[in-house]
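# A structural walkthrough
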Amino acid sequence: MSRVRLRWWLAVTVVALIGAGVGVVVGGAVERPVGPVQARLSVRPGLSGDTRVDVAPLGSLRLDTHDGPFRLNVEVTELRPASARQIFDDPASLDGVGARVQHDLGAALRLLVLRCLLAAAVGAAVLGLLVFRRWRPTLAAVCVGLTVVGAGGAAARLTWRPGALAEPQYSGLLASAPAAIGDARDIVSRFGVYRKQLAALVTDVSRLYDVSSTLPVQAPDPTAIRALHVSDLHLNPAGWDVVESLVRQFRIDVVVDTGDIADHGSAAENRFVTEIGRIGVPYVYVRGNHDSAGTAAAVRAQRGAVVLDGTAATVAGLRFFGVGDPRFTPDKSTGDDAVGEPSLTAAGARARLALLGTEPPNVDVAMTHDPVMARPLAGAAPLLLAGHTHHRDTVDLDGSLLLVSGSTGGAGLRGLEPTNPTSLECSVLYFDRSTRRLQAYDAVTVGGLGLASVQISRHVVGSGAALGAVDRFGRPTIVP
């Protein structure tokens, strides 16, 4: 080959590499739904190949999936609410997430390959025309560019290592992921495992606490009526596992729910409440501001469920009165479900208090969703129950004790947003069977996603300290 011909091909190759490389960087990307997330896939030049997955703001992981001149970047841009809610509506659908992700990812990769080839051809053509201003070397540059990109893709395909998916290298906050969820190949199945471990852990600690609470100073009357106070499940199926475990271990007579069992109050969410009929004990419920009228109707249709809204009912030997939240504000962005909303603090709440006068006397427990609505009921019932704030609280009011429950669902998906995931909280209430007055209650706190801890602490009514608390290792603690 003559020197002129060699220089010609060298110039064509350089132009092709630069043009194709720029084209791939600029246009070699696709954004597609992959399972429950929206993901952006792109290709970048890289000597070692590999795949990088970015999950902002949690960090990233690198997978030694392939060799070659191109690195695959996968950026999770957003959670797809509809797909995520489908998983919460039907936890069994988790079994199909893996296959759906594989199908979506395969389709996205095929589209990415075509996009990269087109971008490489366009980049080489544009730069070829600018440099050579003739069609023949430009077409040659296009062919060289397509050959290089195609060869890089073939190298990646031939050197693909599926086993690399089980050996990710984490960075950022995801560096703690192996301890929380195990290998990458287990990620899809971990939520089901988490639910089972959570229920087992609560069961084990409950047994330990049941033994430790037999001292006379801590133990309530063995004939006491036992109620489980839950609130703000927010579609978290793990909350049902906690509820079912405590009902079984503490021999609960009635479950009391102060609302926000749903998140958006949609018809699709109604399937979540079918667990109520499987608990095996009566379920007394008042509507929260995230629960629609349809949600309340779905709860009412479950076996053993009692829905209160300005009404009273005797369940498991206790007289309950409940008022549903008059608001329906599932959209958190509006801010119209703020604690202490003025419309609930004065005339509106007092008007609902008047409903109590139409019911038979001797109400033992009054239930509202928002603690603000419970305050006007002070003195009308010895015990007031509420939720809404996602934080446990105890308030002495005039003639009444107000117990505010934390979120038994760990605030649902929103509970994963803070640095420390929201704990799952509920309380076991012990009532004297003859006087129907609260004797004591056990505050149950389960660590958020990751199973950090489980604590069950006994509070004797009238006492300023919590007694008989144990951590997940069964060690006694004292909680002020």
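Preceding block: the structure.
Summarised in this report is the structure supplied together with it. These figures come from a predicted structure and were not determined experimentally. (Residues numbered from 1 in each chain as written. Predicted model: local features only at pLDDT ≥ 70, side-chain atom pairs only at ≥ 80, totals over all residues. Heavy atoms only, no water.)

### Things to note about the overall build of the chain
In terms of regular secondary structure, the chain is built from 12 helices and 21 strands. Here the chain, with 480 residues, has 48% of them falling under the buried criterion. Long-range pairs, those at least 24 residues apart, make up 62% of the contacts in the chain with a sequence separation of at least 6. Summed over all atoms, the accessible surface of the chain reaches about 22200 Å², with 60% contributed by carbon and sulfur. (Helix = DSSP H or I, 4+ residues; strand = E, 2+ residues; numbered from the N terminus. Buried < 20%, exposed > 50% of the residue type's maximum accessible area, 1.4 Å probe, protein only. Contact = heavy atoms within 4.5 Å. Areas by Shrake-Rupley, 256 points an atom, 1.4 Å probe, with all protein chains shown as cover.)

### Concerning the nonpolar core
Counting 36 residues, the largest nonpolar core has Leu228, Trp240, Val255, Ile261 and Tyr283 as its most contacted members. Of all elements in the fold, only strand E7 (225-230), helix H7 (237-249), helix H8 (276-279), strand E9 (283-285), helix H9 (293-300), strand E10 (305-307), strand E17 (424-431) and strand E18 (438-446) reach the threshold of two or more residues within this core. Residue contributions to this core peak at six residues, all from H7. Those residues in contact with Trp240, other than ones at most four positions away along the chain, are Leu233, Ile261, Phe272, Glu275, Ile276, Ile279 and Tyr283. (Core = buried A, V, L, I, M, F, W, Y, C linked by side-chain atoms within 4.5 Å.)

### What to know about the environment of Trp8
Residue position: Trp8 is located in helix H1 (residues 3-27). Excluding residues within four positions of it along the chain, Trp8 makes contact with Arg134, Pro137 and Ala140.

### Regarding the packing of aromatic side chains
To describe a pair of aromatic rings, one takes the distance between the centres and the angle between the planes. By the definition in use, this model includes three aromatic pairs. Ring geometry for Trp8 against Trp9: centres 4.9 Å apart, planes inclined by 90 degrees, an arrangement best described as edge-to-face. For the pair Trp240 and Tyr283, a centre-to-centre distance of 6.2 Å together with 55 degrees between the ring planes defines the contact as tilted. Here Trp240 is found in helix H7, whereas its partner Tyr283 is found in strand E9, with 43 residues between them in sequence. Residue Trp240 shares its accessibility class with Tyr283, and that shared class is buried. Grouping aromatic residues by their ring pairs yields a cluster made of Trp240, Phe272 and Tyr283. For Arg5, the ring lying beneath its charged end belongs to Trp8, and the centroid distance is 4.9 Å. The positively charged end of Arg136 is found above the aromatic ring belonging to Trp8, 5.7 Å away from the centroid. (Phe/Tyr/Trp six-rings, centres within 6.5 Å; stacked < 30°, edge-to-face > 60°. Lys NZ or Arg CZ within 6 Å of the ring centre and 35° of its normal.)

### Here's the deal with the pattern of salt bridges
Taken as a whole, this structure holds seven salt bridges when the rule is applied. Here Arg287 and Asp309 are joined by a salt bridge, their closest N and O atoms 3.3 Å apart. Within this pair, whereas Arg287 is found in the loop between E9 and H9, its partner Asp309 is found in the loop between E10 and strand E11 (311-315), the two being separated by 22 residues in sequence. A relative accessible area of 18% means that Arg287 is categorised as buried. The structure contains a network of salt bridges with shared partners spanning Asp325, Arg327 and Asp370. (Salt bridge = Lys/Arg side-chain N within 4 Å of Asp/Glu carboxyl O.)

### Points about H7
In this model, H7 (13 residues) spans 19 Å end to end at C-alpha, consistent with the 18 Å of a helix rising 1.5 Å per residue. The element H7 is largely enclosed, with a buried count of 11 among its 13 residues. Of the residues making up H7, those classed as buried are Pro237, Ala238, Gly239, Trp240, Asp241, Val242, Val243, Ser245, Leu246, Val247 and Gln249. Among the residues of H7, the N-terminal cap falls to Asn236, whose side-chain oxygen and the backbone nitrogen of Ala238 are separated by 3.0 Å. Backbone geometry just downstream of H7 places Arg251 in the positive-phi region, at approximately 55 degrees. (Expected span 1.5 Å × (residues − 1). Polar contact = N/O pair within 3.5 Å; in protein donor to acceptor, adjacent residues only side chain to side chain.)

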